[in-house]
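Summary of the model geometry
Listed below, chain by chain, are the residues.
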Amino acid sequence: MSMKRSTQTVRISIVGFGNVGRGVAEVIRRKREELARRYGLDITIVGIADLRGVIVDENGVSEEAIKALKTGHKSMGTMADMTSVEVIRDVEHEVMVEATPTNVETGEPGLTHIITALESGRHVVTSNKGPLAVEYKRLMELAAKKEKELRFEATVGGAMPIFSLVKGDLAGNEILSIKGILNGTCNYILTRMAEEGLPYEHVLKEAQEIGIAEANPSQDVEGVDTAVKLVILANSIFGRNATCKDVEVTGITEITPDALTLADEAGYVIKLIGEVDREGNLKVAPRLVPKDDPLNVGGILNVATIKTDLAGDITVIGKGAGPIEAASAMLSDLIGIYSQKVQ
Ligand SMILES: NC(=O)c1ccc[n+]([C@@H]2O[C@H](COP(=O)([O-])OP(=O)(O)OC[C@H]3O[C@@H](n4cnc5c(N)ncnc54)[C@H](OP(=O)(O)O)[C@@H]3O)[C@@H](O)[C@H]2O)c1
C-alpha cells in the first residue's frame, strides 16, 4: 500500500529580482514535482519586488507575470502599486527571500527588508552579505525573539555548503579554524596570471570583458568581499561580534608575474586566502599555498578547509557564484526551515 504524503504550501516573496532572485524562481519552477514528492513542499511565489516594480498574486505569480517584470512590461495588469517593504509586511507569506545588492557600509536595502520580514513573522533566506556584515547580532536576536529563522548559506561560497555542514554534519565538533578562497574573481585572476605569466592589469581587463570581474572590481581585488565573508563566518560559527573593521586585509593588486614564477619554482601557488579562527583572528592576504594542498584550486572555484577537533580537516570545493548555484544554497535553506517538520 502506498502512502501519500500531504503537501504543505509555503508562500514566499522574492525581494530583489536580478540574477539570484530569478535563479531562485527558476529552481523552484524546475523542482516543483520533486519538492512535493521528496519534501512535501509546495513553494508558491506570492510576491516579487524589484526596482522595476512589484507583482503580487496570492494564488502564485504566473510565469507570464514574471516574464513581464523581467522585460519591464507593465501592461499585464499584474503590477501592484506597492513598495518592497509593503510587500514584505502586508502580503501574507511565510518566507522572504532577499537578493538585493550588497552594501557593506549600511547593509541597505537588505537590512530594512530583513528586519521588516522578521518583525512581520516571516522566515528569511538571503544571499545578501551586507545586512549580516553590519548587524549580525541584532538580526539573529530579532529572529530568535520572533521564533523565526534567518538563513544565509549563499552569502559565503555560493553553492558550497559551509554553515549547514558545520551545524549539521559536523555537529559535536569544535571548529578550530576556517581557511580558504572565498572570491572567485581573485582566484581567476591569480590562476590566469600564473598560467600565462601575464600582468595583473591585463588579466583584470580580460576578466572584465568575459564578465568574471565587475566594472568596479575594487571590492573583490582589494579583499573586501573576502573580509565580509570572514565576518559572517566569525559571527555565525565562532560566536563573535565582528565587523569588517576587525579584519586585517591585503588584496591582490600588488602581485606580480615574477612573484608567481618564484612561487611556482619553489612548489607553491599564490592565492588570496581568508582565514578565521576561534581565537578571533580574521585575516585576508595573498599567501603561498603548496601545490599539493587541497586549497590549490584554480579558475573561479572557491574552497574552504574547516579544521575541527574530531573530524580533522574537511575541505569543500565548489562554485562561489552564479545565479543557479546561489539559488541551490537558498533552496537548501528554504527546505531546511521546513524539513524537521516534514520528517
Ligand atoms: N550573483 C551571484 O552569483 C551571487 C552569489 C552569491 C550571493 N550574491 C548576492 O546576492 C545579491 C543579489 O545578487 P545579484 O547578482 O542577483 O544582483 P543583481 O543582478 O544586481 O540583482 C539585484 C536586484 O535587486 C534589485 N533591487 C535593488 N535595490 C532594490 C530595492 N531597494 N528593493 C527591491 N529590489 C531592489 C535590483 O533591481 P534593478 O535591476 O531594477 O536595479 C535587481 O533586480 C547580492 O547581494 C549579491 O552579493 C550573488
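Residues numbered from 1 in each chain as written. Predicted model: local features only at pLDDT ≥ 70, side-chain atom pairs only at ≥ 80, totals over all residues.

1. Observations regarding the nonpolar core
Ile14, Val24, Ile48, Val97, Val231 and Met330 are the most contacted members of the largest nonpolar core, which has 99 residues in total. Element by element, the count of residues in this core is highest for helix 11 (residues 224–237), at eight residues. Those residues in contact with isoleucine 48 that lie beyond four places of it in its chain are Ile14, Phe17, Val54, Ile55, Val61, Ile66 and Leu69. (Core = buried A, V, L, I, M, F, W, Y, C linked by C-beta atoms within 7 Å. Buried ≥ 20, exposed ≤ 12 C-beta atoms within 10 Å, placed from the backbone. Helix = DSSP H or I, 4+ residues; strand = E, 2+ residues; numbered from the N terminus. Contact = placed C-beta atoms within 7 Å.)

2. Quick notes on the domain arrangement of the protein
In terms of domains, the protein is made up of domain 1 (8–159 + 323–342) and domain 2 (166–318). For domain 1 versus domain 2, the separation of C-alpha centres amounts to 28 Å. With twelve residues of domain 1 in contact, the opposing surface of domain 2 contributes 14 residues. Classifying every residue of the side of domain 1 that touches domain 2 by side-chain character gives seven nonpolar, three polar and two charged. (Domains from an automatic or database assignment. Nonpolar A, V, L, I, M, F, W, Y, C, P; charged D, E, K, R; others polar.)

3. Concerning the packing of helix 5 (residues 110–119) against helix 6 (residues 129–145)
With their axes 10 Å apart at the nearest point, helix 5 and helix 6 run at an angle of 10 degrees to one another. Between helix 5 and helix 6, the interaxial angle falls into the category roughly parallel. Counting all contacts with helix 5, which are made through Gly110, Leu111, Ile114, Ile115 and Leu118, the residues of helix 6 involved are Gly130, Pro131, Val134, Glu135, Leu139, Leu142 and Ala143. A breakdown of the residues in the contact of helix 5 with helix 6 according to their chemical character gives nine nonpolar, two polar and one charged. (Axes fitted to C-alpha atoms, helices over the stretch in contact; angles between N-to-C directions. Parallel < 35°, antiparallel > 145°, perpendicular 65-115°, else oblique.)

4. Section: the site of the ligand
The ligand sits among 26 residues. The nearest are Gly16, Gly18, Val20, Leu51 and Ala321. Elements with a contribution of two residues or more to the shell around the ligand: helix 1 (19–30), strand 2 (41–50) and helix 13 (323–342). Classifying every residue of the shell around the ligand by side-chain character gives twelve nonpolar, eleven polar and three charged. (Near = placed C-beta within 6 Å.)

5. Notes on the environment of asparagine 103
With respect to the helices, strands and loops of the structure, asparagine 103 is situated in the loop between strand 4 (95–98) and helix 5. Classification of asparagine 103 by C-beta neighbours within 10 Å gives partly exposed; the count is 17. Considering only alpha carbons, one finds asparagine 103 and proline 131, 28 residues apart in sequence, at a separation of 7.8 Å. Apart from the residues within four sequence positions on either side, asparagine 103 is in contact with Glu108 and Gly130.

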